[in-house]
Amino acid sequence: MTDAPSPVVRYGMRILALGYLAFLLVIPVGLVFWRTFENGIGPVIEALSSPLAKHAFTVTLQVASIAVVANTIFGVAVSLLLVRHEFRGKRILNTLIDLPLAVSPVIVGLALILVYGRLEPVGGWLSERGIDIIFAVPGMAMATIFVSLPLVVRAVVPVLEEVGIEQEQAAWTLGASPIQTFRRITLPAIRWGLAYGIVLTLARSLGEFGAIAVVSGRIRGKTQTLTLFVEERFQNFDEHAAYAAAFALAGVAVVALVAMNISRPEES
Amino acid sequence: MRPGTGLGLGLATLYMSAIVLVPLGAVVWRSRGDGWSGFWHDVTTPEASSTLRLTVGVSLAVAVINAGFGTLIAWVLVRDRFAGKRFVDALIDLPFALPTIVAGLVLLALYGPESPLGVDLAYTRPGVVVALLFVTLPFVVRTVQPVLIELDREMEEAAASLGATRATIFRRIILPNLMPAIAAGTALSFARAISEYGATVLISGNLPFKTQVASVHIFSQIENDNTTGAAAVSTVLLLVSLVVLLSLDLVQRWAVRRD
């Protein structure tokens, strides 16, 4: 064995690392938690059951569920394409999938406005037919789909690669249809990776702020999600409602974190 | 081709185009709506060039701090032993799970006007740096940690038996092995920092020339109906991200080949 490091170095490093985490993460989060419940749980429930807050919950759930369902279907399909099929342009598709992670949420919002805004050709055409995308739920769902697009793919692809193709081939040989094979063989094999990807997508969807802020037009009581509610209440000096809603969002984040740790594919 | 390849590929391309590719193309297209000279004019207005320089400067600072503290935290999590280590390890992912607006709110509680520490960083550049450090914390830690776990301790023992000091072992053996991972984590945290919006919006206070980072600048240009100007600054930001990610890819290929 190497010599044990001197206690001074070891403790010094430990204190420095934990101190950094304390002042960056633990104390700020703890402080907001404490301020939220300063006057007990009553005011928190009251702040979260105002009509505006309730509406924000509804909009958030609506947008997030569309995004999760759409990206789960797309994610599984693209993962199967990337792992089980051969075609030209595969590397390009593989690279493009990750593109949304490198784009600022504000640019995501701008990009959608420039195509689907009412003053643009496509958006104007849709608007004449009574379909509004921007400043409405469809645009907010598209923004959320954009930012969370790669998460299911990146969680499912490695699992599919590891499972291999033997069992699926056996099923085909025995006469199973592609749908039967998928339902009975492939889906059970990738379920944990898929669950991990879905949890990541859900957490990202509930917490999205920048892209939603641009495409929603931030109309109170109409297109306001929970994250927009937090910002708007805070800017209007209603810290208590902002903290209460932030606590609700943080609670979901912590549950997601625990679920992520449970469903994360075991590292060997 | 297996059955279904064509159909699946077609639908995937349609989905990606409608939501990601055509809109991003529209940003680049709009950025030169008034020709190249218009684009150049839009990104060199005093406000735009100051916001771009500030964003890159602040993000570089964040990347460097992350390289140091991220490596230190990974080291302590792998090589040290103390009570509650698993809890601390799980905590590292919190910034990824927490909505960014909540991150901004939480930091403003400790480092804002009502700070119990008496440290008021609201509407200052250090405040922006702290907000970006919060959201980028996991990158370096999570890239360095697995490499450190896999690192062969026998090399270190051999060096020690040959009389190398701990400092020499760290500098000559451990650090070179960690370098590709540190570089990858640092590049990812830089790319995230230049594009962050939610965490900075509350603490930066949106002061042009002082704390207005690029995404906040783009947002206010959109609000003022200057979509061409917003698109021009966006295009520069997209280019910077692209360069960072491409060079990261090159560094990783080089590291793989060197092994």
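Rules used in this analysis
- The numbering scheme is per chain: residues are counted from 1 as the chain's sequence reads.
- Going through the entries in the order they are written, you letter the chains from A and number the ligands from 1.
- At least 70 in pLDDT is required for a residue's local features to be given in this predicted model, at least 80 for side-chain atom pairs to be given and counted, and no such filter applies to totals for whole chains, interfaces and linings, which use all residues.
- What counts as a helix is a DSSP run of H or I of at least four residues, what counts as a strand is a run of E of at least two, and both are numbered from the N terminus.
- Counting other C-beta atoms within 10 Å of a residue's own tells you its class, since 20 or more makes it buried, 12 or fewer makes it exposed, and anything in between is partly exposed; those C-beta atoms are placed from the backbone.
- Once C-beta atoms are placed from the backbone, any two residues with those atoms within 7 Å are in contact.
- Buried Ala, Val, Leu, Ile, Met, Phe, Trp, Tyr and Cys residues whose C-beta atoms connect them within 7 Å together make up a nonpolar core.
- Each domain's limits were defined by an automated method or a database of domain assignments.
- Scored from 0 to 100, pLDDT reflects the predictor's confidence in each residue.
- For this classification, Asp, Glu, Lys and Arg are treated as charged, while Ala, Val, Leu, Ile, Met, Phe, Trp, Tyr, Cys and Pro are nonpolar and the rest, including Gly, are polar.

Participant: Would you take a moment to explain the overall build of chain B for this structure?
Facilitator: Within chain B one finds twelve helices and zero strands. Of the regular secondary structure in chain B, the N- to C-terminal order runs α-α-α-α-α-α-α-α-α-α-α-α. Its C-alpha atoms put chain B at 70 × 65 × 35 Å along the principal axes. A buried classification covers 44% of the 259 residues belonging to chain B. Within chain B, residue pairs in contact and separated by at least 24 positions form 77% of the contacts whose partners lie at least 6 positions apart.

Participant: Help me understand the nonpolar core in this model?
Facilitator: One recurring pattern in soluble globular proteins: nonpolar side chains tend to sit buried together. Judged by nonpolar contacts, the single largest core of 158 residues is most densely connected at Leu110(A), Ala245(A), Ala246(A) and Leu105(B). With 15 residues, helix H7 (residues 137–163) of chain A is the single largest residue contributor to this core. Beyond its immediate chain neighbours, meaning those up to four positions away, Ala246(A) contacts Val32(A), Val230(A), Val102(B) and Leu105(B).

Participant: Mind showing me how you'd approach the domain arrangement of chain A here?
Facilitator: Quite often, the size of an interface is put as the accessible area lost when its parts meet. Residue and element names in this part refer to chain A. Domain boundaries in chain A define domain 1 (1–36) and domain 2 (43–263). Its C-alpha centre places domain 1 at a distance of 34 Å from the equivalent point of domain 2. Listed per partner, the contact involves four residues of domain 1 and five residues of domain 2.

Participant: What's the story with the confidence of the model for chain B in this structure? I'm lost.
Facilitator: Detailed reading of predicted coordinates is not advised where the pLDDT is low. When pLDDT is averaged along chain B, the result is 92; 98% of the residues meet or exceed 70. As a predicted assembly, this complex carries a pTM of 0.91 together with an ipTM value of 0.91.

Participant: Where do I start with the domain arrangement of chain B in this structure?
Facilitator: Assigned domains of chain B: these are domain 1 (1–31) and domain 2 (34–258). If you look at the interface, domain 1 of chain B gives four residues, while domain 2 of chain B gives seven residues.

Participant: Explain the interface of chain A and chain B to me, please; I cannot follow it from the model alone.
Facilitator: Taken together, the 62 residues of chain A in the interface contact 64 residues of chain B. Breaking the side of chain A that touches chain B down by element, the ones donating at least two residues are helix H1 (7–36), helix H3 (51–84), helix H5 (105–116), H7, helix H9 (178–207), helix H10 (210–216), helix H11 (226–235) and helix H12 (239–263) of chain A. With 15 residues, H1(A) is the largest single contributor of residues to the side of chain A that touches chain B. Of the residues assigned to the side of chain A that touches chain B, the class counts are 50 nonpolar, seven polar and five charged.

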